[in-house]
Protein chains: 2
Amino acid sequence: GLGNPVEKVQEQVGKVQDAFAEEKKERESILGSSTSKPKFKLGYDWVDKEAQVLIARAYNRHKALADKSQSYPPALGVEDLEKIVPPNLHRKPEGLLDHIALGTMRLLRVFTNAFFGDKYLHHATLLETVAAVPGIIASASRHLRSLRRMKRDHSWIGTLQEESENERMHLLIWLAINQPNMFERMLVIFAQGAYFSFYSLSYLFSPRFAHRLVGYLEEEAVIAYTEFLHSIDAGKMPNIPAPEIAIEYYRLAPDAKLRDVVLHVRADEIMHQMVNHHLSDKYKHKDLDSKPTFVGQDYREGQW
Amino acid sequence: GLGNPVEKVQEQVGKVQDAFAEEKKERESILGSSTSKPKFKLGYDWVDKEAQVLIARAYNRHKALADKSQSYPPALGVEDLEKIVPPNLHRKPEGLLDHIALGTMRLLRVFTNAFFGDKYLHHATLLETVAAVPGIIASASRHLRSLRRMKRDHSWIGTLQEESENERMHLLIWLAINQPNMFERMLVIFAQGAYFSFYSLSYLFSPRFAHRLVGYLEEEAVIAYTEFLHSIDAGKMPNIPAPEIAIEYYRLAPDAKLRDVVLHVRADEIMHQMVNHHLSDKYKHKDLDSKPTFVGQDYREGQW
Ligand SMILES: [Fe+2]
Ligand SMILES: [Fe+2]
Ligand SMILES: [Fe+2]
Ligand SMILES: [Fe+2]
């Protein structure tokens, strides 16, 4: 009769659903619930709320670029962008790994400062060629983890790919007004090989350390871009018109200047700093199967 | 007067445009033109036009997922989805590397068929854990290339990340109705290690070979999913309701069945096949600094 196949399908569906529910229960008993909310909610308690919203608003300026049907998020004034760097932005190290990460970056600062001096544009260009490396390694690692363990990723991959794309855009922006010389080009190739290997190994052995390292690297980037700003304000570096690619990316006014671009790039670095410290915290608390909390969460999710 | 500020802005815009054009010319004189159109346009001449449009329309079904403000692309009927596999889909090998790539995949088919037999769902699940690997390696490689050579990427990174994301979604879809056993889980971990190393090395030494290999791997995937379809049609595999995650991803009707999902997944594999053969062609012609041509290009760019 006609009823038989339908019943058969329903029975089959029932079986599949039961099997899936049972498997899920079993998995949760071993791994802990991956779909339920984490017991604690890691956030950004070392940064004040107002700064969090400004960081999120600044970062959103290029976020909607791929989505041509959406209207632009409202522009941030120069004052807002300057307010983003609050005194409590620095994340205090906790434990040995954190101290090693911070120490490494502070040491690197001595060398890069000695090497670049006040050539801020060159400093920025070369910095960005390495800054875009960790995100691509970390996102690939999360992608492979999801395949290997055969479970959901919970938005880490997209977050990290977005970071690496954003860093690569910084590079392309500086390249529009600064062409590295042959020596710098060779240095970049060498530095990529070294940093790629080092960071891949770090991520393999301790993702918690790796993300903390980027968190502190970004703190150094914020300092470098702040010095870049000061050199513009002091008239040492001419405040030339913003390159076209930056105007497009950040949706700036057509008469925007270099200073506006530096303010926006610095705001991005602060976002990376936040997110990487946060992901390191998540590794520390073994909270790997839930969505990252974003700075100024509500402003990132359509509310602007 | 009132005329002055407007003129001033116009003048400023003119200056910026001049400066940018000059900078561009200078950069091109050093690096070679990276923005000009390539001399030849590599396409998909081994596939008929109607099929190209169908492939693009099918692939678009999940493309807009991230973009919540856009309306859904129109659904494809089962007949359209079945028509997508035209007799001329196979890409004929040209040269030794192509023959090695094709031979490797044909040989692998013998082993996987012997291993899985008619367990199509298991076959599909395990296949997808490796299918999502090449895209992430290739996109990372293009990302690092852009940083290292300090020039634009021209949409390769996004194309390849989209592929790897799409493959990972296939995996998550099959996981909703099939939970691999312990042996299969161990196999997946081993296979990922082996395939990741092999594919990274292939991409390092010959991206042309690597993309051709994926082109032919995807041809095998199309064959495997076609057999999956036949087994549903023959009543050997029950045509159970589509899992929720597939309904969301492909925006299917709430009463969609397994067969619809297999048709959609197969259409995606055809897209990957096309794109990877195309990227291999681009490497063959050393056309690495222009945008990939998409199958049914117009349908991918907002026209639907
Ligand atoms: Fe940056
Ligand atoms: Fe950064
Ligand atoms: Fe797939
Ligand atoms: Fe595929």
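All values reported here derive from a predicted model rather than from experimental measurement. Going along each chain's sequence as written, the residues are numbered from 1 onward. For this description, chains carry letters from A and ligands carry numbers from 1, given in the order in which they are written. Residues qualify for local features only when their pLDDT is at least 70, as the model is predicted, and side-chain atom pairs are given and counted only at 80 or more; totals for whole chains, interfaces and linings, by contrast, use all residues. Heavy atoms throughout the structure, all of them, feed into the side-chain values; hydrogens and water do not.

(A) How the structure looks around helix 9 (residues 207-233) of chain A. Residue and element names in this part refer to chain A. Runs of E in the DSSP output that reach at least two residues are strands. Runs of H or I that reach at least four are helices, and both are numbered from the N terminus. One fewer than the residue count of a helix, multiplied by 1.5 Å, yields its expected span. Along its 27 residues, helix 9 runs 39 Å from first to last C-alpha, staying within 8% of the 39 Å computed at 1.5 Å per residue. In terms of burial, helix 9 is a largely internal element, 22 of the 27 residues being buried. Looking one or two residues beyond helix 9, the residue adopting positive phi is Gly235, at roughly 80°. When a residue's accessible area, from a 1.4 Å probe over protein chains only, is under 20% of the maximum for its type it is buried; when over 50% it is exposed; and in between it is partly exposed.

(B) Seen up close, the packing of helix 8 (residues 182-205) of chain A against helix 9 of chain A. All names here are of chain A. Between N-to-C directions, angles span 0 to 180 degrees; the directions come from axes that are lines fitted to C-alpha atoms, helices contributing only their stretch in contact. It is at 5 Å that the axes of helix 8 and helix 9 come closest, and there the two elements cross at 130°. Between helix 8 and helix 9, the crossing angle belongs to the class labelled oblique. Mapping the contact onto sequence places Tyr195, Phe198, Tyr199, Ser202, Tyr203 and Phe205 in helix 8 and Pro207, Phe209, Ala210, His211, Leu213, Val214 and Leu217 in helix 9. Looking at the contact of helix 8 with helix 9, its residues break down into eleven nonpolar, two polar and no charged. Oblique is the label for any angle not covered by the other classes, which are roughly parallel (under 35 degrees), roughly antiparallel (over 145) and roughly perpendicular (65 to 115). Only heavy atoms enter the contact rule, under which two residues are in contact if any of them lie within 4.5 Å. Three residue categories are used. Nonpolar comprises Ala, Val, Leu, Ile, Met, Phe, Trp, Tyr, Cys and Pro, charged comprises Asp, Glu, Lys and Arg, and polar comprises the others, including Gly.

(C) Representation of the coordination of the iron ion (ligand 1) within the structure. Residue and element names in this part refer to chain A. Surrounding the iron ion (ligand 1) are the protein donor atoms Glu128 (OE), Glu128 (OE), Glu167 (OE), His170 (ND1) and Glu269 (OE), at 2.0 to 2.3 Å. In this analysis a donor is any N, O or S atom within 2.8 Å of a metal ion (3.2 Å for sodium, potassium and calcium), and since water is not included, sites may seem incomplete. Read N to C, the donor residues that coordinate the iron ion (ligand 1) are spaced as E-x38-E-x2-H-x98-E. Assessed through its relative accessible area of 0%, Glu167 is described here as buried. With relative accessibility at 0%, the residue His170 sits in the buried group.

(D) A look at the packing of aromatic side chains. Residue and element names in this part refer to chain A. Stacked, tilted and edge-to-face are the three classes assigned to paired rings of Phe, Tyr and Trp, where Trp is represented by its six-membered ring and a pair needs centres within 6.5 Å; plane angles under 30 degrees give stacked, over 60 edge-to-face, the rest tilted. Taken as a whole and judged by the stated rule, the model has 22 aromatic pairs over all chains. Pairing Tyr203 with Tyr283 gives two aromatic rings, centres 6.3 Å apart and planes at 90°, and the pair type is edge-to-face. Of this pair, Tyr203 sits in helix 8 while Tyr283 sits in helix 11 (residues 258-284), placing them 80 residues apart in sequence. Judged by relative accessible area, which is 4%, Tyr203 ranks as buried. According to the relative accessible area criterion, Tyr283 is buried, its value standing at 14%. Distance and angle both matter: a charge sits over a ring if NZ of Lys or CZ of Arg is within 6 Å of the ring centre and within 35 degrees of the ring normal. Above the face of the Trp156 ring, Arg142 is positioned so that its terminal group lies 3.9 Å from the ring centre.

(E) Geometry of the coordination of the iron ion (ligand 3). Residues and elements named next belong to chain B. On the protein side, the iron ion (ligand 3) has Glu128 (OE), Glu128 (OE), Glu167 (OE), His170 (ND1) and Glu269 (OE) as donor atoms, found 2.0 to 2.3 Å from it. Considered as a linear motif, the donors of the iron ion (ligand 3) on their single chain read E-x38-E-x2-H-x98-E. Between the iron ion (ligand 3) and the iron ion (ligand 4), a separation of 3.7 Å is found, and both are coordinated by Glu167. One end of the pair, Glu167, is in helix 7 (residues 156-175); the other, Glu269, is in helix 11 (residues 258-284), with 102 residues separating them in the sequence.

(F) Quick peek at a nonpolar patch on the surface. All names here are of chain A. Side chains of Leu107, Leu108, Val110 and Phe111 sit close together on the surface and give an oily, nonpolar patch of about 420 Å² of accessible area. With respect to the helices, strands and loops of the structure, Leu108 is situated in helix 4 (residues 96-116). Judged by its relative accessible area of 42%, Leu108 is partly exposed. Patches here: salt-bridge-free residues with over 30% relative accessible area, like charges joined within 9 Å, nonpolar side chains (Val, Leu, Ile, Met, Phe, Trp, Tyr) joined within 5 Å. Residue-level accessible areas treat just the shown protein chains as cover; the underlying method is Shrake-Rupley with a 1.4 Å probe. By convention in these notes, a salt bridge is any Lys or Arg side-chain nitrogen within 4 Å of a carboxyl oxygen on Asp or Glu.

(G) Looking closely at the nonpolar core. Among buried residues, those of type Ala, Val, Leu, Ile, Met, Phe, Trp, Tyr and Cys that are joined through side-chain atoms within 4.5 Å constitute a nonpolar core. Counting 78 residues, the largest nonpolar core has B:Ile84, B:Trp174, B:Phe228 and B:Leu258 as the members making the most contacts within it. Apart from residues no more than four positions distant in its own chain, B:Phe228 is found in contact with B:Tyr120, B:Leu121, B:Ala124, B:Trp174, B:Met237, B:Leu258 and B:Val262. Grouped together as the second largest cluster of nonpolar side chains are 76 residues, A:Ile173, A:Val188, A:Leu229 and A:Met274 included.

(H) Region of the structure containing unusual backbone geometry. Phi at A:Ser155 is positive, roughly 70°, even though this residue is not glycine. Non-glycine residue B:His154 carries a positive phi angle of around 65°. Along the chain, B:His154 turns up in the loop between helix 6 (133-149) and helix 7. A residue is classified by how much of its surface remains accessible, and B:His154, at 8% relative accessible area, is buried.

(I) Structural view of the pattern of salt bridges. Residues and elements named next belong to chain A. Tallied over the entire structure, the rule returns 28 salt bridges over all chains. Lys151 is the partner of Asp289 in a salt bridge, and the nearest nitrogen-oxygen pair spans 3.4 Å. Of this pair, Asp289 sits in the loop between helix 11 and helix 12 (297-303) while Lys151 sits in the loop between helix 6 (133-149) and helix 7 (156-175); the two residues are 138 residues apart in sequence, bridging distant segments of the chain. Each member of the pair Asp289 and Lys151 is classed as buried. The structure contains a network of salt bridges with shared partners spanning Arg91, Glu94, Asp98, Arg212, Asp281 and Lys284.

(J) Examining the side chain of A:Arg259 more closely. Residues and elements named next belong to chain A. Assignment of secondary structure puts Arg259 in helix 11. The exposure class assigned to Arg259 is buried, which follows from its relative accessible area of 16%. With sequence-adjacent residues up to four places away left out, Arg259 is seen in contact with Val78, Glu82, Leu229, Ile232, Asp233 and Asn239.

(K) Helix 6 of chain B, seen in detail. Under the 1.5 Å per step criterion, the end-to-end length of helix 6 of chain B is 24 Å for 17 residues, consistent within 8% with the ideal 24 Å. Backbone geometry just after helix 6 of chain B places B:Met150 at a positive phi near 55°.

(L) Examining the environment of B:Met237 more closely. Residues and elements named next belong to chain B. Residue position: Met237 is located in the loop between helix 9 (207-233) and helix 10 (244-250). Among the residues examined, Met237 registers a relative accessible area of 17% and is labelled buried. Taking the C-alpha atoms as reference points, Met237 and Leu89, separated by 148 residues in sequence, lie 27 Å from one another. Apart from residues lying up to four places away in sequence, Met237 is in contact with Leu121, Phe228, Ser231, Ile232 and Leu258.

(M) Spotlight on the confidence of the model for chain A. Residue and element names in this part refer to chain A. pLDDT is defined as a per-residue confidence score from the predictor, taking values between 0 and 100. Across chain A, the average pLDDT comes to 83, with 78% of residues at or above 70. The lowest-confidence element of chain A is helix 1 (residues 3-31), averaging 53 in pLDDT; the highest-confidence one is helix 6, averaging 97. Counting interchain partners and residues more than four positions distant, the pLDDT-below-50 stretch residues 26-38 has eleven contacts. Scored below 50 in pLDDT, residues 64-70 shows 14 contacts in the model against residues more than four places distant or in partner chains. Predicted complex, confidence summary: ipTM 0.80, pTM 0.81.

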